Every structure is written in C-alpha cells, then in structure tokens.
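Residue strings, one per chain:
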Amino acid sequence: MDAVRLIAAGRHALAQSGAAMDIVGEAWQAQALAQGIGGWLAVTGPPELRAEARGLGEAGGRGCGVLDRAAVRGEGSAPGYPPRAAQLTEVSDVRQALLGLQVLLGEVGIALVGVACGTDDEGLYWQCMESIDAADESSDRVRAILRRLAVRERGSASGVA
C-alpha cells in the first residue's frame, strides 16, 4: 500500500483512539511507519535523500523501541499487533508522504501529551515523555528530508542536476 494511504489510515486510527493505551499503540504505529518510509527512501528514493532517509528510519526504529508493545496491548508478548507499516509497498509521492508523516507525528505528540497529563501511572507517563521526544526527533528528520528535497527541486527547475 502507498505511504500516503497508510499515513491517512494512521491519522484516522489516532483520531478514533480514546483510551490511553490505544493512543500509545498508535504512537508506536506512527514510529513504525516513519521507520518504514525512511527505510524505503534510503533504498529506493532519490540518491541525494538517502542519507537523511536512513536517519529517519533509524529515528523511527528508536521511537518504536521506546514503546513496549506488550504493555501497550496489555499482553505478555507482542503478537497480534502487526505494524501498519508492514503494508508499505511504495512511496509514490515523496513530498506528500513526508508532509503527511510530519502531520501524523505532530498529532501523535499532542495526543501523547494528553495521555501523559491524564495518567497517574508513572511508567506510562515516562513512556509518553520518551515517545514524545522520539516523535519530535522523527519529525526533525522529516523536515531535513523536505529541505533537501526542496533544494533538489530548485536545482532541477534551474537546469542544474
């Protein structure tokens, strides 16, 4: 499935999440998607974006590591909670995918602030704080790729390769 559609599905799922654990689960999904998009662009994207894309993939991976999937679902282990990113087959519109991912990561951060402010569970609070930092780092990586993409497009428009 195309990245833009997966991002839209993630934004919808986050908007429908009411329970704290569902929001935390969607934060994990968003980080997995950032990791997947970064990895995809690092391998198949424009050569001048690949280094920055690797950084996004790594940041998304760290963001996934912050969240304990088993705790998110109240299970002893993580099966039955496949990442939406596993459905990623293409990034047909790099700019739209990155802009959408940036919006999703921002929405995740805001939702996690709400969870952190509303919980009495110290472990959940700190997990949210770390996940907010991870979403911010992934968002910074997305911005860096978007800047590099803009430079690339300006060079193409002026006739410089």
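Read on for a plain summary of the structure. Remember, it's a predicted structure, so these values are computed and weren't measured experimentally.

A separate point is the pattern of salt bridges. Tallied over the entire structure, the rule returns eight salt bridges. A salt bridge links Glu107 to Arg11, with the shortest nitrogen-to-oxygen separation between them at 2.5 Å. Here the residue Glu107 occupies a position in helix α5 (residues 94-118), and Arg11 occupies one in helix α1 (residues 3-16), the gap between them amounting to 96 residues. A relative accessible area of 26% places Glu107 in the partly exposed class. With a relative accessible area of 35%, Arg11 lands in the partly exposed category. For Arg148, the salt bridge goes to Glu52, with nearest N and O atoms at 3.8 Å. Here the residue Arg148 occupies a position in helix α6 (residues 122-157), and Glu52 occupies one in helix α3 (residues 50-66), the gap between them amounting to 96 residues.

Considering all chains together, one arrives at zero disulfides under this definition. Looking at the unpaired Cys128, the closest cysteine sulfur is the one in Cys117, lying at 9.3 Å.

It is worth spelling out the packing of aromatic side chains at this point. The relation between two aromatic rings is expressed through the spacing of the ring centres and the mutual angle of the planes. One pass over the full model with this rule turns up one aromatic pair. A centroid spacing of 5.0 Å and a plane angle of 85 degrees characterise the contact between Tyr125 and Trp126, whose relative ring orientation is edge-to-face. You can call Tyr125 partly exposed: its relative accessible area is 30%.

Next up on the list: the packing of α3 against α6. Where α3 meets α6, the closest approach of the two axes is 9 Å, and the angle between their N-to-C directions is 170 degrees. With respect to α6, the axis of α3 lies roughly antiparallel. Contacts from Glu52, Ala53, Gly55, Leu56, Ala59, Gly60, Arg62, Gly63 and Val66 of α3 reach α6 at Gln127, Glu130, Ser131, Ala134, Glu137, Ser138, Arg141, Val142, Ala144, Ile145 and Arg148. Partitioned by chemical class, the residues of the contact of α3 with α6 number eight nonpolar, six polar and six charged.

Rules and cut-offs
Residues numbered from 1 in each chain as written. Predicted model: local features only at pLDDT ≥ 70, side-chain atom pairs only at ≥ 80, totals over all residues. Heavy atoms only, no water. Salt bridge = Lys/Arg side-chain N within 4 Å of Asp/Glu carboxyl O. Helix = DSSP H or I, 4+ residues; strand = E, 2+ residues; numbered from the N terminus. Buried < 20%, exposed > 50% of the residue type's maximum accessible area, 1.4 Å probe, protein only. Disulfide = S-S within 2.5 Å. Phe/Tyr/Trp six-rings, centres within 6.5 Å; stacked < 30°, edge-to-face > 60°. Axes fitted to C-alpha atoms, helices over the stretch in contact; angles between N-to-C directions. Parallel < 35°, antiparallel > 145°, perpendicular 65-115°, else oblique. Contact = heavy atoms within 4.5 Å. Nonpolar A, V, L, I, M, F, W, Y, C, P; charged D, E, K, R; others polar.

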